[in-house]
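# Descriptive structure summary
The residues making up each chain are set out below.
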Amino acid sequence: MESSSSPKVEPDADDDVSEEVFEHFDDFTIASSWERFISKIEAICRLWMADGPNNLLEKGAIPLENSKNSYKIKSELQYDVKSYCMEYYFETKTGKSFDWNSTFHDLQLCFGVKEFLLIAPQSASGVVLDAPEASKLLSAVAIALSNSSSLWPAFVPVHDPSRKAYIGIQNTGTAFTRRFEADRIGSQVPLSLMHLEGLYQLFVSKFAYCTDDLDKHLIKVEFAMKLTYRTLPYDDDNIKDIDVQNTKSGKNLTGESSNERLWDDDCSWSEWYSSEDPVKGFELIAIWSEKTVESSMKMEEVENASPHEAEKWFISPSFAPYLLEYSHGNQFGFASALHLLVDAFEMSFEAQFLEDFVSAAESPGPDNLKSSMVIPPPTVRDRVLKELFDEGVQLIDSAYDEHKTPQAIKGAPLETLFAQFCLHSLWVGNCHIRAIAALWIEFVQEVRWCWEESQLLPRMPVNGSIDLSTCLINQKLHMNIAFCFLQLAVCIKKKREWNEDHRECMGSEDQIDDMTEEESAVGDDTSSMQTQNEDFSGKFTGEPRSFPTSRDLHYSDTASTVGQYPVKDNLLNGEKSSDQTRRGSAGVIDSMMLLKSYQRMHAPYTQEAPLMTEDMYEERLQALEASNGSFNYFAQLERVILTSDMAAFKAANPDAIFEDFIRWHSPADWLEDPMFEKSKDNWPPRGHLSKRMSESDNLWRELWDRAHALAASEKKPLFDPNREGEKVIHYLETLRPHQLLAQMVCTAFLAAADTLNKTSYGELKQMETKMQQLYLTMAPALKPLEANRLSADSETIEDLKRLCVVFGHVENLLSVATSLHRKLVQAPRLAVEIFRDFYSFYIPRMGTGLEEDYSNKKEFDKKQIVWNNEREVVSSMFVPPTANQSWRKVFSMGNLLNGHEPMVREIIFSLHDGVSNNHYAAPNASVSEQEIDTYRMYICGTSNDLRVSLSVVSCD
């Protein structure tokens, strides 16, 4: 059937035409590449506007240098065959639209904008050289911003990059458009534009109807100015000029004084090296806030005004490059020398004896010992040894106590002989192992000569106690001088006996003792040993007491003091002993008499206790452990000393009883009756022994009963000073290289830190804290060096090298603190504030490893406001240029400060106008409710350089 079959429908001719037309349809709104380029810009701008600053930070916005709240985000675009980069600059915190001290980009200051777009081709220079291309590119951005209802200004760089030229445009949301233009003159600035009057006329000419005679028309213009002055660099010549000017003026407000001296001549480190001044100068910024100017005559008055009339002053230091360029700091300081010493310590494991390093050039050995490690000539070594063994330098006990080492660092006090040897070694022969070995061998030879000739070692304390908290070499040298002191005392005694015999033979009472001055000085120095009242368990039972020793017996014939009681000579006291066998008396003790015989108590000379160093104690302890406690050396030694003291007391007091000895030797064990009144008529005193001394089996009483009356000079010494002294010399001569270098590293670090710590830097609390932290950092790093189980591949070497880096940073901070304190000694608040800023800037850059932290590359740009009472001090740093600096003087811009013209002058002219109630204004635009800068000109430059940026609001 016809109805059951569908007829085949033929295509209509009209449909073919319509389909053909549809396939060949062109949308001319995005057809051209230029329009597609605009569309891409618009899409990117809409995306950035929708995200807002907070979301842009999450999407990879890059923080800008020298600003905490400024960022930029960029996107790449393609137009034909060229690639462009569009950047959006913005801030996360809103504030004033313009601030002299808070600009994050050059264009913000030039045109007074806050956020903006910058589009430039991706080329080597990033500058559009073709003017038509620049205009077309800027038009594309303007259309895209208009389509997206954005009020961001947009800029395009033009011309040569050195001109810093830009053109720009901004939609204000009204019928007005703001246009921008900036350019620069790099040389041959017109004379009229060197002065404020000419610059004012340049600005007015942009909007005045007639420029023939501007002086007759009063045109109110807003004016602001910033002048930047820079002190002369603190080099040698300029420091001399500063000193001359201070001398002429009679005042020295800056604290600088040279007289052809370096800036750090009187610093604690100047004995060892001279540091580059880290503060190269200062920049002073004087700011005049906005004021209204009506004529060019007013501008002339401003140009002749003194910078002291400025409303605000800011100061900023200029630091040496080594502080800002991530170098290892001052290459002539302690840190670099300590690093060389650590290298020498690492190499010290390559030989068994120090002589092997000295003879490395003549014998087979490592090549690295022959190439660059040259032993210093004998003249250099002789000069160092002469300084070390200067006989006129003696260390008094108070100076030794002042520089005692911290308990956690086992070194030698700063002024001692070994510490000075370590410091000298840092600067001899680049501090390599061969130079140290040669110097140490001759050093030990000099020590042996002093020992054999009974000459006291210089730079060592003469007291009898050895400080076990110091390094072992210092203990040995201290022990050596104690033995030498005893030897010298014996020699003096023998010489006196010879002189007495000689006088008796001559029968002359006028014969005088021809003892040398040096011997007399030693003989007059009565030194006594400090002991503690102890029982044999090692517990302290009384207060420290001081007894005359056998050393005093050799050379002391004068009155002395024992403990808290004055001692007088028998002849001076006029007392004759009832017992002619009294021996070894140092003199009577006032206010103390014997209980039974009613005679004055005499203080005896006692024997010297054996002197022991740390290694000697360790040997005794090892022997005690080996014997399983069957023999206690220390208890036996205490028993021998106590017995010797009892025998000496009996010899000096033949009628004494046990209670008398306790009253003298251990007063805490004699308990007096509180109701008893002491007097000559009321005798004997009422009292009794303590509980432990009253026991029947008390060891002290047993020793007293067995002790025989023998003076100290009649008994065998408790130790042989000759034998022990030779042991000390043998230890120094056979010391292994790595053992010597380990003690040198500890002592050198400690001595260097102590030297730096003597520097005066005012009330800079951060520096004081950092120095304390340095000691705390050194202690764990140097602790492994106390053990003798180190090896060349130990991790300790790397820890020491990291410690050198930390030490260098602290050294840099200290030099900055010292320099600021000296230059601003009359303005301490400024020194404190500037150092606080630098400290916060520098600490993140320090890092903790061998390499510095390169992630933070910001430049120091902090400025501190100068108070009115500090302006005179700051002004005094700008000394008038002298004749040899005349080439620096170009007096052409006015506003001179002590003869110095501004290095940079920045001016902002602006003309305000209102657009409120304008029918073209957008209803939601905030700009329609306030005044805007219809004309704004930013001018920056000097007499040889001028940059002008102009923004104009116009109706298109």
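Below or above, wherever it landed, is the structure these notes cover. Just so you know, these numbers come straight off a predicted model, no measurement behind them.

Now for the overall build of the chain. The secondary structure content of the chain amounts to 29 helices and 22 strands. Expressed as a percentage of the 956 residues in the chain, the buried residues total 50%. Summarising the internal contacts of the chain: among those between residues at least 6 apart in sequence, 71% fall at separations of at least 24. Total accessible area computed for the chain in this model is approximately 47,400 Å², and 50% of it derives from carbon and sulfur atoms.

Our focus in this paragraph is the pairing of strand 3 (residues 82-91). Looking along a regular strand, one sees side chains alternate from face to face of the sheet. Within strand 3, 8 of the 10 residues are buried, which leaves it mostly tucked inside the rest of the structure. By the bridge criterion, 10 bridges tie strand 2 (residues 70-79) to strand 3 in an arrangement that is antiparallel. Considered in strand 3, the bridge of Ser-75 is made with Met-86. Hairpin connection of strand 2 to strand 3: 2 residues between the antiparallel strands, including Asp-80 at a positive phi of 60 degrees.

The next subject is the nonpolar core. Of all hydrophobic cores here, the largest spans 165 residues; its most connected members are Phe-418, Trp-440, Phe-443 and Phe-807. Sort the elements by how many residues they give to this core and helix 25 (residues 737-757) lands first, with 13 residues. With residues up to four places along the chain from it excluded, the contact list for Phe-443 reads Leu-385, Leu-388, Phe-389, Leu-417, Phe-421 and Leu-477. Membership of the second largest hydrophobic core comes to 31 residues, among which are Trp-48, Phe-90, Ala-134 and Val-141.

Take unusual backbone geometry next. One non-glycine residue, Lys-164, lies in positive phi territory at about 50 degrees. At Asn-430, a position not held by glycine, the phi torsion is positive, near 55 degrees. Note that Asn-430 resides in the loop between helix 13 (417-425) and helix 14 (433-452).

The next thing to look at is the packing of helix 27 (residues 795-823) against helix 28 (residues 828-846). Across the interface, helix 27 lies against helix 28 with an axial gap of 10 Å and an inter-helix angle of 165 degrees. In terms of axis orientation, helix 27 runs roughly antiparallel to helix 28. As for how helix 27 packs across helix 28, the hand of that crossing is right-handed. Contact residues: helix 27 offers His-809, Asn-812, Leu-813, Val-816, Ala-817 and Leu-820, while helix 28 offers Ala-831, Ile-834, Phe-835, Phe-838, Tyr-839, Tyr-842, Ile-843 and Met-846. For the contact of helix 27 with helix 28, a count of residues per class yields 12 nonpolar, 2 polar and no charged.

Taken together, Lys-68, Lys-93, Lys-858 and Lys-862 make up a surface patch of like positive charges. For Lys-68, the location among the structural elements is in the loop between strand 1 (62-63) and strand 2. Judged by relative accessible area, which is 64%, Lys-68 ranks as exposed.

A few words now on helix 23 (residues 699-706). Every buried residue of helix 23 is listed here: Trp-700, Leu-703 and Trp-704. Buried residues of helix 23, seen end-on, are gathered within an arc of 105 degrees and therefore sit on one face of the element. In helix 23, those exposed residues whose orientation departs by more than 90 degrees from the buried face are Asp-705 and Arg-706. Measuring from the backbone nitrogen of Trp-700 back to the side-chain oxygen at the start of helix 23 gives 2.9 Å, which picks out Asn-698 as the cap.

Now for the packing of aromatic side chains. Under the definition given, this model contains 44 aromatic pairs. Their ring planes at 45 degrees and their centres at 5.2 Å tell us that Phe-207 and Tyr-935 sit as a pair that is tilted. Highlighted residues: Phe-207 in the loop between helix 5 (196-204) and strand 8 (221-230) and Tyr-935 in strand 21 (residues 931-942), separated in sequence by 728 residues. When sorted by exposure, Phe-207 lands in the same class as Tyr-935, which is buried. Arranged with centres 6.3 Å apart and planes meeting at 85 degrees, the rings of Phe-418 and Trp-440 form a pair that is edge-to-face.

For the structure on display, the rule yields 35 salt bridges. The residue Lys-801 makes a salt bridge to Glu-346 at a minimum N-O spacing of 3.4 Å. Highlighted residues: Lys-801 in helix 27 and Glu-346 in helix 9 (residues 334-347), separated in sequence by 455 residues. Note on Lys-801: relative accessible area 15%, which makes it buried. Note on Glu-346: relative accessible area 28%, which makes it partly exposed. When the shortest N-O distance is used, the salt bridge between Arg-448 and Glu-452 registers 3.1 Å. Taken together, the positions of Arg-448 and Glu-452, both in helix 14 and 4 residues apart, correspond to about one turn of that helix. Three or more residues joined by partner-sharing salt bridges are found here, namely Arg-448, Glu-452, Glu-726 and Glu-733.

Looking now at the side chain of Lys-770. Note that Lys-770 resides in helix 26 (residues 765-782). With residues up to four places along the chain from it excluded, the contact list for Lys-770 reads Val-810, Leu-813, Tyr-839, Ile-843 and Met-846.

Before going further, it helps to spend a moment on the environment of Gly-584. Looking at where Gly-584 falls in the secondary structure, it is placed in the loop between helix 18 (570-573) and strand 15 (585-593). Overall, Gly-584 belongs to the partly exposed group, its relative accessible area being 21%. Not counting chain neighbours up to four residues away, the residues in contact with Gly-584 comprise Ala-603, Pro-604, Tyr-605, Ala-652 and Ala-711.

Within the secondary structure layout, Glu-42 lies in helix 2 (residues 33-58). Relative accessible area serves as the criterion here: at 18%, Glu-42 is assigned to the buried category. Considering only alpha carbons, one finds Glu-42 and Ser-148, 106 residues apart in sequence, at a separation of 6.3 Å. When sequence neighbours within four positions are dropped, the list of residues in contact with Glu-42 reads Ala-144, Asn-147 and Ser-148.

So, about the state of the cysteines. Scanning all chains against the criterion turns up 0 disulfides. With no disulfide partner, Cys-471 has as its closest neighbouring cysteine sulfur the one in Cys-422, 7.1 Å distant.

Counting through the fold element by element, Glu-811 comes out in helix 27. For the buried Glu-811, which has no salt bridge, the nearest side chain bearing the opposite charge is Lys-770, at an N-O separation of 14 Å. For Glu-811, the side chain forms a polar contact with the main-chain nitrogen of Phe-334, separated by 2.7 Å. With residues near it in sequence (within four places) discarded, Glu-811 still touches Tyr-273, Gly-333, Phe-334, Ala-335 and Leu-756.

For the rest of this paragraph, the subject is the pairing of strand 15. The buried fraction of strand 15 amounts to 7 of the 9 residues, a majority that puts the element mostly inside the structure. Sheet topology places strand 15 next to strand 16 (residues 600-604); 3 bridges connect them, and they run antiparallel. Bridge pairing in strand 16 places Ser-585 opposite Pro-604. The antiparallel hairpin formed by strand 15 and strand 16 contains 6 residues in its connecting segment, where Tyr-598 sits at a positive phi of about 60 degrees.

What follows concerns helix 4 (residues 131-147). Compared with the 24 Å implied by 1.5 Å per residue over 17 residues, the 24 Å span of helix 4 between its first and last C-alpha is a close match. Listed as buried for helix 4 are Glu-133, Ala-134, Leu-137, Leu-138, Ala-140, Val-141, Ala-144 and Leu-145. Summarising the axial view, the buried residues of helix 4 lie within an arc of 150 degrees, below the 170-degree limit, and thus occupy one face. Across helix 4 from its buried face, at more than 90 degrees, point the exposed residues Ala-131 and Pro-132.

Cut-offs and rules
Residues numbered from 1 in each chain as written. Predicted model: local features only at pLDDT ≥ 70, side-chain atom pairs only at ≥ 80, totals over all residues. Heavy atoms only, no water. Helix = DSSP H or I, 4+ residues; strand = E, 2+ residues; numbered from the N terminus. Buried < 20%, exposed > 50% of the residue type's maximum accessible area, 1.4 Å probe, protein only. Contact = heavy atoms within 4.5 Å. Areas by Shrake-Rupley, 256 points an atom, 1.4 Å probe, with all protein chains shown as cover. Pairing = 2+ DSSP bridges. Core = buried A, V, L, I, M, F, W, Y, C linked by side-chain atoms within 4.5 Å. Axes fitted to C-alpha atoms, helices over the stretch in contact; angles between N-to-C directions. Parallel < 35°, antiparallel > 145°, perpendicular 65-115°, else oblique. Left-handed = near helix turned anticlockwise from the far one by under 90°. Nonpolar A, V, L, I, M, F, W, Y, C, P; charged D, E, K, R; others polar. Patch = residues over 30% accessible without salt bridge, like charges linked within 9 Å, V, L, I, M, F, W, Y side chains within 5 Å. Salt bridge = Lys/Arg side-chain N within 4 Å of Asp/Glu carboxyl O. Lys, Arg positive; Asp, Glu negative; His and termini not counted. Charge placed at Lys NZ, Arg CZ, Asp CG, Glu CD. Arc of directions from axis to C-beta. Polar contact = N/O pair within 3.5 Å; in protein donor to acceptor, adjacent residues only side chain to side chain. Phe/Tyr/Trp six-rings, centres within 6.5 Å; stacked < 30°, edge-to-face > 60°. Disulfide = S-S within 2.5 Å. Expected span 1.5 Å × (residues − 1).

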